[in-house]
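Residue-level structure breakdown
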Amino acid sequence: MRGRGGPRGRRRHRSGTSPLPEEIAAAVLFLASSESSYITGATRPVDGGHTAFQHRPTRFPDTEEGHDMNALAAPPRNGELGFWVAQLADKKPSLPRFTGRDSVDVAIVGGGYTGLWAAYFAKKLEPSLSVAVFEAEQVGYGASGRNGGWLSAMPPGNRATFARAGGGLEASRALQQEFVAGVDAVLDILEAEGIDADQHKGGALVAAHTRAGLGRLVTRRDAELKYGLTDDEVHLLDRDEFQSRINISTVHGGLFYKHCARIHPAKLVYGLADTLTSMGVRIYESSRVDRVEGRTLTLADGRVTAAKTFICTEGYSGQLLGRRSLIPVNSSMIVTKPLSEEAWQQIGWDGPQCLNDSAHTFIYSQRTSDGRIAMGGRGVPYRFGSGTGGAGATAQSTIDLISHKLSTFFPSIPFEVDHAWSGVLGVTRDWNGGVHWDPASGIGSSTGYAGHGVTAAYVGGRTLVELAFEKETERTTLPWVGYRAPKWEPEPIRWLGVHAMYRLFGIADQWEERRGSSKTSLLARFGSRLAGLHE
């Protein structure tokens, strides 16, 4: 970026400040080194991310038991669509492949949360509608079956940007309140439909491991209050208060969010699929839609005519919505084997609170219903040419990085990684999602959740149905309806830009930790503004 910073035209950041010379030097040296290839993390919480570290083998705590585990621990299962899906291998719904020709009232492309919720609300609106879901692989194949299991009130995007796009502050507050309401709405539907997804609303904790991170949380809370949350819904915790909930030795303090529930992602997918089948929705697997042209969907072995078509493919949307409209950003996870009761007592994590941290490249995690810790971060953030990574095989370096992060949280606890996997989320150029409906073509979409997809899929799928059937509700006027993000740059600029951004955030985390800084690194401020994440 070019700009004038004074009489000599000195280049400056958009924030109006320049990085310190030593920060620039550290960044250059780091990016030129082999260490930079091991940066992992994210810039917004998913539904995750975490502090970047140098590559090192996974190690367990230096106890006698830990040394034994280091010697004997078997490699974890890797990929296979992830732990959640693998755990339910014997409970997967048996669904047919589409062949031939058909005509339906509503065709839905994508068998993840958005598509399933859209089908649910279409049938609730008018039970006589013929509704069919076409999934390229299997239901829950993408992020819906691989995510961190956070049903949270975080909207998919920058609320300041949505406010500027139309409607002002009150419109963004309305968006925030819809996502707050969405958490309880989903839980109510699961109860009413008899869906057991291990759901439990216990809130979410955000840990600050540095003084700079704690400062960011203070600022973040101010923004949350500005956009409509109350003191009861988000409040600051000092070190003692935080450790009374989860005993992280390095924590300086944190935030507690009231509106967040833990779920088992695959149980939610399969529960919705079973409910839809009982409602008369036809769900097809291994039925990739290659083209949507007007009212016609073309598949490998068939063709469908639909009055209305909803494209709900999130990180896999390139073929149908354009490869520069949103890109698949990678996220990786590990899950431990079940911990002992003694270990849980030491950790103090005795409830179903979700957990992440305030690093620029932060993690996201949950305590599962069967006593494991599931934790995620970014790993390799983006594959050249918008690759989606197949069944989610994950590099050992990424497994080691996330494992190391977990061991820094709880250094006295031995744990063993049981399964590791990766998946992709859909990210627009400015990280803002959108719901779109074109009445002329009869085609709509809801995408770009940027890691906040569990609640966003519910809100987006429901909104899409309301727009398509001309039902005016509090959702159809929200500022993400009709919002168009800028297009991503072409390759190789896109690949270079995404990787550079994540590495800047990783460098900033290392800088803050090593220096004990009380202020956020200027490199991180620059990266945040460049990506459009600053509120």
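The paragraphs below set out a description of the structure included in this document. Please read these numbers as outputs of a predicted model, since none were measured by experiment.

**Re the nonpolar core**
Ile-108, Trp-117, Ile-283, Phe-310 and Trp-480 are the most contacted members of the largest nonpolar core, which totals 80 residues. Ignoring any residue separated from it by four or fewer positions in sequence, one finds Trp-480 in contact with Pro-156, Phe-162, Leu-175, Phe-179, Gly-433, Gly-434, Val-435, Ser-446, Tyr-449, Ala-456, Val-459 and Gly-460. Grouped together as the second largest cluster of nonpolar side chains are 27 residues, Leu-237, Trp-349, Ile-399 and Phe-409 included.

**Describing the sheet that holds strand β4 (residues 150–152)**
Pairing within the open sheet is antiparallel, and its 3 strands lie in the order β4-β9-β5. Two strands close off the open sheet at either side, each with one partner strand: β4 and β5 (200–201). Pairing between β4 and strand β9 (residues 260–262): 3 bridges, direction antiparallel. Each bridged residue has a counterpart across the sheet, and for Leu-151 the counterpart in β9 is Ala-261. The sheet strands contacting helix α7 (residues 168–193) are β4, β5 and β9, and the helix crosses β4 at an angle near 130 degrees.

**Regarding helix α4 (residues 113–125)**
For an α-helix, 3.6 residues make a turn, and residues three or four places apart therefore share a direction. Compared with an ideal rise of 1.5 Å per residue, which puts 13 residues at 18 Å, α4 spans 18 Å between its outermost C-alpha atoms and is within 8% of the ideal. Where burial is concerned, most of α4 is hidden: 11 out of the 13 residues are buried. The complete set of buried residues in α4 reads Tyr-113, Thr-114, Gly-115, Leu-116, Trp-117, Ala-118, Ala-119, Tyr-120, Phe-121, Ala-122 and Lys-123.

**A short note on unusual backbone geometry**
With omega at 0 degrees, the peptide bond leading from Glu-491 into Pro-492 counts as cis. As for its placement among the helices and strands, Pro-492 is situated in the loop between α14 (453–468) and α15 (493–515).

**With respect to the state of the cysteines**
Scanning the entire structure with this criterion turns up 0 disulfides. Left without a disulfide partner, Cys-354 is nearest to the cysteine sulfur of Cys-260, which lies 3.9 Å away.

Rules used in this analysis
- Residues numbered from 1 in each chain as written.
- Predicted model: local features only at pLDDT ≥ 70, side-chain atom pairs only at ≥ 80, totals over all residues.
- Heavy atoms only, no water.
- Core = buried A, V, L, I, M, F, W, Y, C linked by side-chain atoms within 4.5 Å.
- Buried < 20%, exposed > 50% of the residue type's maximum accessible area, 1.4 Å probe, protein only.
- Contact = heavy atoms within 4.5 Å.
- Pairing = 2+ DSSP bridges.
- Helix = DSSP H or I, 4+ residues; strand = E, 2+ residues; numbered from the N terminus.
- Axes fitted to C-alpha atoms, helices over the stretch in contact; angles between N-to-C directions.
- Expected span 1.5 Å × (residues − 1).
- Disulfide = S-S within 2.5 Å.

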